[in-house]
Amino acid sequence: MASIAVIPGDGIGAEVTAEAVRLLELLRGEGLPLSWRTFDYSAERYLATGVALPPGGREELASFDAIFLGALGDPRVPDMAHAREILLETRFRLDLYVNVRPVRLLHASHTPLKDRTERDIDFVIFRENTEGPYVGAGGFLKPGTPDEVAIQEWLATRKGVERILRHAFEAARRRPRRRLVMVDKHNALRFASEIWHRVFREVAKEYPDVEARHLFADTACLLLVQDPSQFEVIVTDNLFGDLLSDLGAALAGGLGLAPSANLNPQTGKGLFEPVHGSAPGIAGTGRANPMAALLTAAMMLEFLGQGEAAARVERAVRACIAEDLVTPDLGGSLTTRAAGQAVLDRLSKGAA
Ligand code: ATP
């Protein structure tokens, strides 16, 4: 029996997670060995109690086979203190160093690019998830004065860089064209990016069957828009991965369709969350697209050894998209609930 900790979180995170949980309920009803427990860790709870995660909360989350998170973020907590404690700390403590962000165009009409088909946009970004400029190292000198100085450190360790590169190379081996692109900016970031470039060249030698090349981050942005079909696996650091995966999401229909997983392949721990945030602007309106959350649930099912169920969920999502059973972000008129229900209907009718 696979155990899942579900954290709906804030804003549309809670709305789309409700659809993912209905999906899990349907699959469990069919006999899939799944159990889950819901945790109300959120801005609401933080504001009410002053506590983001109770003592022992992180250890408890770590005891589940997988964690599913909607999204965290609330304008009433402007410094995102609760999100930092619940999500960022969990990512760091569980050492979830692989952030997998697949970019797949499910329907040609959803890309803003001209004359592109589903075959042209199908790649995966492996984003390093525990280092880079997001480790929170730095500080202010003379704050609040005209001489104020802000320093933000960029961390890159040999171990951290090597393990994500190896993971991406292994993944590239399983792709049809065995193509990998490593993205950095070592012409400008002479230290943190240089180690990426150096270790990349070393590791690439061990994978002669993988066609590996390097791109600067700015060139990668250009080529992703000009000709996304050349990409199959992209591996990069935390910051560039953050930016490139939003660009990738835009190429493939927007944030409402972008799933992601945070993994530690050594410990077997995984945290699954859609790429999008809590989108307070549309929270409560029923306009949130639940597909990213459902595709994220599919990634989690695959991780939990339920590959067949994962493939069925993906087919059901594709079928709904092909029939325009979608929310307003994709030009449809369905609510979050109705779009989620459309996917469930296709699944239970056996159409998927
Ligand atoms: P942050 O990324 O910092 O959490 P945020 O929560 O405002 O900020 P996102 O949720 O990432 O931002 O999304 C930005 C915008 O994209 C939203 O305001 C919304 O318009 C749109 N968007 C994101 N996710 C969805 C979704 N699932 N369905 C429909 N629109 C979405």
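Everything here concerns the structure above.
Quick caveat, the model's predicted, so the values are computed rather than measured.

Draft legend 1. Representation of helix α9 (residues 291-303) within the structure. Its 13 residues give α9 an end-to-end C-alpha distance of 18 Å, which sits within 8% of 18 Å, the value for a rise of 1.5 Å per residue. Counting buried positions along α9 gives eleven out of 13 residues, so the element sits mostly inside the fold. M291, A292, A293, L294, L295, T296, A297, A298, M299, M300 and L301 are the residues of α9 that are buried. Following α9 by one or two positions, G305 has its phi on the positive side, about 85°.

Draft legend 2. Summary view of the nonpolar core. L34 and F126 are the most contacted members of the largest nonpolar core, which has 69 residues in total. Contact partners of L34, with chain neighbours within four places excluded, come to M1, A2, I4, L24, L27, R28, L301 and L304. Of all hydrophobic cores here, the second largest spans 19 residues; its members include F123, V181, A220 and L244.

Draft legend 3. Quick peek at the site of the ligand. Around the ligand lies a shell of 13 residues, among which H276, G277, S278, A279 and N289 are the nearest. Between the ligand and the protein, one listed contact pairs a nitrogen atom with a side-chain N or O atom of H276 at 3.4 Å. Take A279: an N or O atom from its main chain is 2.8 Å from an oxygen atom of the ligand. Protein contacts shield 59% of the accessible area of the ligand, which totals 600 Å² for the unbound molecule. Broken down by class, the residue content of the shell around the ligand amounts to six nonpolar, five polar and two charged.

Criteria and thresholds
- Residues numbered from 1 in each chain as written.
- Predicted model: local features only at pLDDT ≥ 70, side-chain atom pairs only at ≥ 80, totals over all residues.
- Heavy atoms only, no water.
- Helix = DSSP H or I, 4+ residues; strand = E, 2+ residues; numbered from the N terminus.
- Expected span 1.5 Å × (residues − 1).
- Buried < 20%, exposed > 50% of the residue type's maximum accessible area, 1.4 Å probe, protein only.
- Core = buried A, V, L, I, M, F, W, Y, C linked by side-chain atoms within 4.5 Å.
- Contact = heavy atoms within 4.5 Å.
- Near = heavy atom within 4 Å.
- Polar contact = N/O pair within 3.5 Å; in protein donor to acceptor, adjacent residues only side chain to side chain.
- Areas by Shrake-Rupley, 256 points an atom, 1.4 Å probe, with all protein chains shown as cover.
- Nonpolar A, V, L, I, M, F, W, Y, C, P; charged D, E, K, R; others polar.

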